[in-house]
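# Structural overview for review
Okay, here's what each chain looks like letter by letter:
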Amino acid sequence: MAAGELASRVVSAGRSCGLTTSVLREWSTLGSPKQVEYLASYLEAERASREASKRASLLRRCALPAPKTFDGYDWSAVAWPDGFGRPDLLSLSFLERREDLVLMGDVGCGKTHMASALCALACQARVEARFFTASALVMRLRRARDEDRLDRELAQIGRAGMLVVDELGFLPLDVDGARLLFQVVSEAYERQSVVITTNLEFSRWGQALGDGQVAAAVIDRVVRHGWPPRSRGESHRARSAPMQQA
C-alpha cells in the first residue's frame, strides 16, 4: 500500500477516535510502512469497536418491545404513495429531510414490525431513535408533568432523530392526553421525523384523540412533510396462529 494511502487511513481512523489531526499526520509519516500499517489497523479496530458500542447503546435506549429487522419482511401488502417507495424507506433518506411517516392499515399487517425495524436501521446508522406506544408516551408525559419536569422530558424526546408513536387509536386518549401528544408532534415539526402506526383513517382520529381540533392539528403537521404507506390484507399473526392451522 502506498505511503500516502496509509497516512490517510491513519488520519481518518484516528480522527474518528477523537485524536488530533496534526499528531496523526505526523505519526502517519514516521516509521516503516509496516509500522504505519500496524498503527492504521489498530486505529481502525478502535473505531469499529466504538461504533459497535454506540449502535448497541442507541438500540438499548430505543427501548423496542421486540427488536425486528426487514429480513423476510412481507412487502406484498404495502401500498406506497406516489413519490415514496421501498428504497426511500430503507435508505432512511426521509430522516435527513425531517419527513414523517404514517403507517396506516389493517390490524396485524406489519406496521409495528416496520416501525421497529426502522428503529433498528436508524441505530445502525448511529441515529438516535425512540419507540413508544401512544398510550405509554402519554402516561410518561403525564408523570413528567405531575413531577414538574415536562420540559426536560420533551427535550429528551426531542433529541431523537426518529420518534415512533405506535398503535395510535388502539386505546382512546382523553383530551388531556391528546394535547400532550400534540405537544410532542408540534415540537418535532421540521426538527425530527415522527413515525406513527395506526389502524384508523385520518377521518377517525378525532374519535381516538377525543378532540377533533387537536386531531386536525396533529394531522396537519404529520402530513405537511409526511408520507402514508398503507398495509392491507389478512393479519400475519392470525395466519400463523396455531388455532388457525388446526
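Since we're looking at a predicted model, the values are computed, not measured.

## A few points about the overall build of the chain
A count of helices and strands for the chain gives 13 helices and seven strands. Taking the principal axes of the C-alpha coordinates as reference, the chain spans close to 70 × 50 × 35 Å. Relative to its full complement of 246 residues, the chain shows a buried share of 41%. Taking the intrachain contacts of the chain between residues at least 6 apart in sequence as the baseline, contacts between residues at least 24 apart amount to 79%. Just so you have it, the chain exposes about 13000 Å², and 52% of that area is on carbon and sulfur atoms. Between the mean site of the 33 positive side-chain charges and the mean site of the 30 negative ones, the chain shows a separation of 3 Å.

## A closer look at the nonpolar core
With 32 residues, the main nonpolar core has Leu137, Leu141, Val165, Leu181, Trp205 and Leu209 as its most contacted residues. The biggest single contributor to this core is helix α9 (residues 175–188), with six residues. For Val165, the residues in contact, after removing those within four places along its chain, are Phe132, Ala134, Leu137, Leu181, Val194, Val195, Ile196 and Thr197. The next biggest cluster of nonpolar side chains, apart from the first, holds 26 residues, and it includes Trp75, Val78, Met114 and Met162.

## With respect to the packing of helix α7 (residues 134–146) against α9
Their axes nearest at 9 Å, the elements α7 and α9 cross at an angle of 95°. One finds that α7 runs roughly perpendicular with respect to α9. Contact residues: α7 offers Leu137, Val138, Leu141, Arg142 and Arg145, while α9 offers Asp176, Gly177, Leu180, Leu181 and Val184. Its residues assigned to classes, the contact of α7 with α9 comprises six nonpolar, one polar and three charged.

## Quick word on the pattern of salt bridges
Across all of its chains, the model carries 15 salt bridges by this definition. Across the salt bridge formed by Glu51 and Arg55, the nearest N and O atoms sit 3.9 Å from each other. On the criterion of helical spacing, the pair formed by Glu51 and Arg55 is a turn pair, its members being four residues apart in helix α3 (residues 33–62). A salt bridge links Glu201 to Arg230; the nearest nitrogen and oxygen atoms lie 3.0 Å apart. With Glu201 in the loop between β5 (193–198) and α10 (205–209) and Arg230 in strand β7 (residues 230–231), this residue pair connects regions lying 29 residues apart in the sequence. A residue is classified by how much of its surface remains accessible, and Glu201, at 30% relative accessible area, is partly exposed. Within this structure, Arg140, Glu147, Arg149 and Glu153 form a network of salt bridges that share partners.

## Comments concerning the packing of aromatic side chains
Under the criterion given, the structure shown has eight aromatic pairs. Centroid distance Tyr73 to Trp75: 4.7 Å. Interplanar angle 65°. Geometry classified as edge-to-face. An identical accessibility class is assigned to Tyr73 and Trp75; each is buried. Put simply, the rings of Phe70, Tyr73, Trp75, Trp80, Phe84, Phe94 and Trp227 touch in pairs and so form one group of aromatic residues.

## Concerning the confidence of the model for the chain
Chain-level pLDDT for the chain is 87 on average; 93% of the residues reach the 70-or-more range. Of all secondary-structure elements in the chain, the lowest mean pLDDT belongs to helix α13 (residues 242–245), at 45, while β5 reaches the highest, 97. Ignoring residues within four places in sequence, the model shows residues 240–246, a span with pLDDT below 50, making five contacts including any to other chains.

## Observations regarding the packing of α7 against helix α8 (residues 150–158)
Packed helices, taken two at a time, are described by their axes: the angle between them and the distance between them. At their nearest, the axes of α7 and α8 sit 7 Å apart, and the two run at 140° to each other. Viewed along their axes, α7 and α8 adopt a mutual orientation that is oblique. Residues Leu137, Arg140, Leu141, Ala144 and Arg145 of α7 touch α8, and the partners they reach there are Leu150, Glu153, Leu154, Gln156 and Ile157. For the contact of α7 with α8, the residue count by class is six nonpolar, one polar and three charged.

## Considering the environment of Ala2
As for its placement among the helices and strands, Ala2 is situated in the segment before α1 (3–16). Along the chain, Ala2 and Val222 lie 220 residues apart, while their C-alpha atoms are 51 Å from each other.

## A word on the environment of Ser8
Positionally, Ser8 belongs in helix α1. Looking at Ser8, the relative accessible area reads 47%, which means it is partly exposed. C-alpha separation for the pair Ser8 and Trp80, spaced 72 residues apart in sequence, amounts to 43 Å.

What counts as what
- Residues numbered from 1 in each chain as written.
- Predicted model: local features only at pLDDT ≥ 70, side-chain atom pairs only at ≥ 80, totals over all residues.
- Heavy atoms only, no water.
- Helix = DSSP H or I, 4+ residues; strand = E, 2+ residues; numbered from the N terminus.
- Buried < 20%, exposed > 50% of the residue type's maximum accessible area, 1.4 Å probe, protein only.
- Contact = heavy atoms within 4.5 Å.
- Areas by Shrake-Rupley, 256 points an atom, 1.4 Å probe, with all protein chains shown as cover.
- Lys, Arg positive; Asp, Glu negative; His and termini not counted.
- Charge placed at Lys NZ, Arg CZ, Asp CG, Glu CD.
- Core = buried A, V, L, I, M, F, W, Y, C linked by side-chain atoms within 4.5 Å.
- Axes fitted to C-alpha atoms, helices over the stretch in contact; angles between N-to-C directions.
- Parallel < 35°, antiparallel > 145°, perpendicular 65-115°, else oblique.
- Nonpolar A, V, L, I, M, F, W, Y, C, P; charged D, E, K, R; others polar.
- Salt bridge = Lys/Arg side-chain N within 4 Å of Asp/Glu carboxyl O.
- Phe/Tyr/Trp six-rings, centres within 6.5 Å; stacked < 30°, edge-to-face > 60°.
- pLDDT = per-residue confidence, 0-100.

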